[in-house]
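Commentary on secondary and tertiary structure
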Amino acid sequence: MVTQEEINQFVEMARRVGRAGLTVCSSGNLSWRRGDEVLISGTGSWVPDLTTNRVSLCRFSDGEVLNGVRPSIESVFHLGVMRERPDVGCVLHFQSPYATAIACRKERPATLNFTAECPLHVGEEIPMIPYYRPGSPELAKAVVDAMRDHNSIMLLKHGQVTCGKDFNQAFERAMFFEMACRIAVLNGDNIDPLTREEIDDLDVYFMGKQAK
């Protein structure tokens, strides 16, 4: 059973998101799996000012609401990603300023690999999901399908989604995702992304260190 302390921790996660400027007012949502239950920000809740009474508690297996608080309309893909990915314990979805700016451009950068943090943490390749109405079954399916083998995706005309083993990992990915998009917006066409050789060198160096 989820404890009150865990609910308080979840609220603090939401506040951290707000302090980082990743979302405003009622945009965005987050989830955190705790065993057979999942905490999800309530529908219409303001993530930066989330309170314990706006946190939805759902059963992991079927999404049934256990505490009477209706979860975010995006809860279907939050739960779906976790069911497909046993390694995932947290899913974050935001209309962060720069990621959303890129998501709304007619012409987007061919890559976001401008600094080492993107290929190492966000993902060397970031799927671009076509626009579907927020909360729709089509959007949920597209997100779950894309995140089977990716940790970060962009929703066109919408925002970003990241996942991780815990909040800190998912949050780090979201922050570096936003940083890469900020670089793209600020530099425009005057950009010099990492080369294939530079990315391969990062993989060899950091993966080698992890193996030791």
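A brief report on the enclosed structure follows.

Conventions we followed
- Residues numbered from 1 in each chain as written.
- Predicted model: local features only at pLDDT ≥ 70, side-chain atom pairs only at ≥ 80, totals over all residues.
- Heavy atoms only, no water.
- Helix = DSSP H or I, 4+ residues; strand = E, 2+ residues; numbered from the N terminus.
- Expected span 1.5 Å × (residues − 1).
- Buried < 20%, exposed > 50% of the residue type's maximum accessible area, 1.4 Å probe, protein only.
- Arc of directions from axis to C-beta.
- Contact = heavy atoms within 4.5 Å.
- Phe/Tyr/Trp six-rings, centres within 6.5 Å; stacked < 30°, edge-to-face > 60°.
- Patch = residues over 30% accessible without salt bridge, like charges linked within 9 Å, V, L, I, M, F, W, Y side chains within 5 Å.
- Areas by Shrake-Rupley, 256 points an atom, 1.4 Å probe, with all protein chains shown as cover.
- Salt bridge = Lys/Arg side-chain N within 4 Å of Asp/Glu carboxyl O.
- Lys, Arg positive; Asp, Glu negative; His and termini not counted.
- Charge placed at Lys NZ, Arg CZ, Asp CG, Glu CD.

Relative to the 22 Å expected for 16 residues at 1.5 Å per residue, helix H1 (residues 4-19) spans 23 Å between its end C-alpha atoms, a close match to the ideal helical length. Burial in H1 covers these residues: Glu 6, Ile 7, Phe 10, Val 11, Met 13, Ala 14, Val 17 and Gly 18. One side of H1 carries all its buried residues, which in axial view fall inside an arc of 150°. Of the exposed residues in H1, those oriented more than 90 degrees away from the buried face are Glu 5 and Arg 19. Packed against the buried residues of H1 are strand E1 (29-34), strand E2 (37-41), strand E3 (55-59), strand E4 (90-94) and helix H6 (167-187). After H1 finishes, the residue Gly 21 shows a positive phi value of roughly 75°.

Before going further, it helps to spend a moment on unusual backbone geometry. Here Cys 25, not a glycine, exhibits a phi torsion of approximately 50°, which is positive. The residue Cys 25 is located in the loop between H1 and E1 in this model. For Cys 25, a relative accessible area of 36% puts it in the partly exposed group. Residue Lys 157 is not a glycine yet carries a positive backbone phi of 60°.

On inspection of all chains with the given rule, the structure shows two aromatic pairs. Aromatic pair Phe 167 and Phe 171: ring centres 5.2 Å apart, planes at 20°, arrangement stacked. One end of the pair is Phe 167 and the other is Phe 171, both in helix H6 and four residues apart, which spans about a single turn. Residue Phe 167 is classed as buried on the basis of its relative accessible area of 4%. A relative accessible area of 11% means that Phe 171 is categorised as buried.

A surface patch of nonpolar side chains, amounting to about 260 Å² of accessible area, comprises Leu 120, Tyr 205 and Phe 206. Tracing the chain through its elements places Tyr 205 in helix H7 (residues 196-211). Owing to a relative accessible area of 46%, Tyr 205 belongs among the partly exposed residues under this scheme.

On the surface, Asp 192, Glu 197, Glu 198, Asp 201 and Asp 203 cluster together into a negatively charged patch. The exposure class assigned to Glu 198 is partly exposed, which follows from its relative accessible area of 40%.

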